[in-house]
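Single-letter residue listing:
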Amino acid sequence: MRFFVHGFNQSFYKNLEKSLALEKEHGVEVVVFSWSSNPGGFKTKEYRSAKRNAQASVGALDATLEKLGHYMKEPFNKEALEACDIKFTFMTYSLGNYLFQNYVINALYEAETRMFDNVVLCQADVDNAGHQHWVNNIEAGKRVYITINENDWVLKWSDANFQKESVRKNC
């Protein structure tokens, strides 16, 4: 099972399509968290607006994870899920990592990600400078993974236009 936070320029419909593709490709069920990542307009302005929307979505992500954590305790039983060999992964993609970064550094974060076996920061659209301070605060049942795609044109565009020092530039 995967909890998925999408990246930049994804409509709700596109997010559902991407989640369905993840389900088919990996044989997992996907729980989707959608946020306003495509406010419209010229791409540079839209990207800046999406970053502001990501920051504004921190409270919604917190409320969602709190509610999910409650359900993992009751009526569901995490130990019973583990006995069935169900893995629960938290995955952020591209600018969704910026939303997650803002959540982790916020006072709202109380290690809600502990309920997940793994946390995957996929193609993170975040600055390299200081990343260890927030990444080291992420709690997971087992591991935290960070993936990089050096050929992602959206991330290259973001690096060229907005990132002071990208995680990708130093790997």
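Look a little higher up for the structure.
All values reported here derive from a predicted model rather than from experimental measurement.

S.K.: Describe in detail the overall build of the chain, supporting the description with residues and values.
M.R.: When you go through the chain residue by residue, the secondary structure sums to 7 helices and 5 strands. For the chain, the N- to C-terminal ordering of α and β elements is β-α-β-α-α-α-β-α-β-α-β-α. Counting contacts in the chain only where the partners sit at least 6 residues apart, residues at least 24 apart contribute 77% of the total. Looking at the chain as shown, the accessible area adds up to about 9,200 Å², and 52% of this sits on carbon and sulfur atoms.

S.K.: Can you lay out the pairing of strand 1 (residues 2–5) for me, pointing to particular residues and giving the numbers?
M.R.: A regular strand carries its side chains on alternate faces of the sheet. Of the two faces of strand 1, the one carrying R2 and F4 and the one carrying F3 and V5 are both buried. Here strand 1 runs beside strand 2 (residues 30–33); their pairing, made up of 4 bridges, is parallel. Bridge pairing links F3 to V31 in strand 2. Taking the sense of rotation as the criterion, the β-α-β connection linking strand 1, helix 1 (residues 12–26) and strand 2 turns out right-handed. Taken together, the 4 bridges between strand 1 and strand 3 (residues 89–93) define a ladder with parallel strand orientation. What sits directly across from F3, in strand 3, is F90.

S.K.: Describe the sheet that holds strand 1, with residues and values.
M.R.: Overall, parallel pairing links the 5 strands, which are arranged 2-1-3-4-5 in an open sheet. The outermost strands of the open sheet, each flanked by one partner alone, are strand 2 and strand 5 (143–147). The mean inter-strand angle of the sheet, taken between neighbouring strand axes irrespective of direction, is 15°. Examined bridge by bridge, strand 3 and strand 4 (residues 118–122) share 5 bridges and lie parallel to one another. Bridging from a neighbouring strand, Y93 pairs with C122 of strand 4.

S.K.: Summarise the pattern of salt bridges; cite the residues concerned and give the values.
M.R.: One pass over the structure, following the stated rule, counts 1 salt bridge. A salt bridge links E139 to R114; its shortest N-O distance comes to 3.6 Å. Linking E139 in the loop between helix 6 (131–135) and strand 5 with R114 in the loop between helix 5 (96–104) and strand 4, this pair joins segments that are 25 residues apart in sequence. With relative accessibility at 48%, the residue R114 sits in the partly exposed group.

S.K.: Just give me the short version of the nonpolar core, but keep the residues and values in it.
M.R.: F3, L61, L65, F100 and I138 are the most contacted members of the largest nonpolar core, which has 32 residues in total. Residue assignment for this core shows that the elements contributing at least two residues are strand 1, helix 2 (43–56), helix 3 (58–73), helix 5, strand 4 and helix 6. For L65, the contacting residues outside a window of four places in its chain are F3, F90, Y103, E112, M115 and F116. Counting 8 residues, the second-largest nonpolar core is a separate cluster that includes F4, V28, Y93 and C122.

S.K.: Break down the packing of aromatic side chains for me, with residues and values.
M.R.: Overall, the coordinates contain 9 aromatic pairs when judged by the stated rule. Ring centres 5.3 Å apart and planes at 75° place the aromatic pair F8 and Y47 in the edge-to-face group. Here F8, found in the loop between strand 1 and helix 1, pairs with Y47, found in helix 2; they are 39 residues apart in sequence, far enough to count as distant. Aromatic side chains F100 and Y103 sit 6.4 Å apart centroid to centroid with 40° between the ring planes, which places their arrangement in the tilted category. In this pair, F100 and Y103 both sit in helix 5, 3 residues apart, roughly one turn of the helix.

S.K.: Can you break down the side chain of N118 residue by residue, with the values?
M.R.: With respect to the helices and strands, the residue N118 is situated in strand 4. N118 sits in the buried class, given a relative accessible area of 15%. Of the polar contacts made by the side chain of N118, one reaches the backbone nitrogen of R143; its length is 3.4 Å. Residue contacts for N118: discarding those within four places in its chain leaves F88, T89, F90, A140, K142, R143 and Y145.

Cut-offs and rules
Residues numbered from 1 in each chain as written. Predicted model: local features only at pLDDT ≥ 70, side-chain atom pairs only at ≥ 80, totals over all residues. Heavy atoms only, no water. Helix = DSSP H or I, 4+ residues; strand = E, 2+ residues; numbered from the N terminus. Contact = heavy atoms within 4.5 Å. Areas by Shrake-Rupley, 256 points an atom, 1.4 Å probe, with all protein chains shown as cover. Buried < 20%, exposed > 50% of the residue type's maximum accessible area, 1.4 Å probe, protein only. Pairing = 2+ DSSP bridges. Right-handed = clockwise from strand over helix to strand, strands pointing away. Axes fitted to C-alpha atoms, helices over the stretch in contact; angles between N-to-C directions. Salt bridge = Lys/Arg side-chain N within 4 Å of Asp/Glu carboxyl O. Core = buried A, V, L, I, M, F, W, Y, C linked by side-chain atoms within 4.5 Å. Phe/Tyr/Trp six-rings, centres within 6.5 Å; stacked < 30°, edge-to-face > 60°. Polar contact = N/O pair within 3.5 Å; in protein donor to acceptor, adjacent residues only side chain to side chain.

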